[in-house]
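What follows is the residue order along each chain.
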Amino acid sequence: LDMGFEVQLTAAIRALGPPPPSTGRVSLMCSATFPSEIQRLAAQFLDERYYFVTVGRVGAAVDSIEQNLVWADDADKYRETINTMQAMPRDF
């Protein structure tokens, strides 16, 4: 995978194990572009009756998304996240 997180994701999901039916736990896997590699990974962990919902074109980002890069030290990440969210316009 392009971000190199497959090993960590697989370990986390295996550590959690499948949810007992009585818990009502729902698992969601989301991706901005959902490339085929991510789809294959998701299929390994989701129930075969899973729903696949798309908005726009699979494999492509929509042009209405604005991306910004904010550099922050580990100790400052929470504060920077809050500051970024508070600075967002509320008319979306």
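Quantities reported herein were computed from a predicted structural model and do not represent experimental measurements. (Residues numbered from 1 in each chain as written. Predicted model: local features only at pLDDT ≥ 70, side-chain atom pairs only at ≥ 80, totals over all residues. Heavy atoms only, no water.)

### Section: the layout of surface pockets
Operational definition: Cavities and pockets were defined on a 1 Å grid built over protein atoms only: a cavity is a set of grid points that admits a 1.4 Å probe from which the probe cannot escape, a pocket is an open set flanked by protein on both sides within 12 Å along at least five of seven lines, and lining residues are those with an atom within 4 Å of any such point. Grid points are joined across faces, edges and corners, and a volume is the space filled by probe spheres set on the points. Here the term charged refers only to Asp, Glu, Lys and Arg, the term nonpolar to Ala, Val, Leu, Ile, Met, Phe, Trp, Tyr, Cys and Pro, and the term polar to all other amino acids, Gly among them.
The calculated volume of the second largest pocket comes to roughly 450 Å³. Of the residues belonging to the lining of the second largest pocket, the class tally is seven nonpolar, three polar and four charged.

### Re the pattern of salt bridges
Any two side chains of opposite charge can pair, on the condition that their charged atoms come close. Put simply, the rule is: Put simply, a salt bridge is a Lys or Arg side-chain nitrogen that is within 4 Å of an Asp or Glu carboxyl oxygen. Only protein chains enter the accessibility calculation, which uses a 1.4 Å probe; a residue is then buried when its area is under 20% of its type maximum, exposed when over 50%, and partly exposed in between.
Scanning all chains against the criterion turns up three salt bridges. When the shortest N-O distance is used, the salt bridge between Asp-76 and Arg-79 registers 3.2 Å. The partner of Arg-79 in a salt bridge is Glu-80, and the shortest N-O contact between them spans 3.3 Å. A residue is classified by how much of its surface remains accessible, and Arg-79, at 43% relative accessible area, is partly exposed. The class of Glu-80 is partly exposed, set by a relative accessible area of 23%. Connected via shared salt-bridge partners are Asp-76, Arg-79 and Glu-80.

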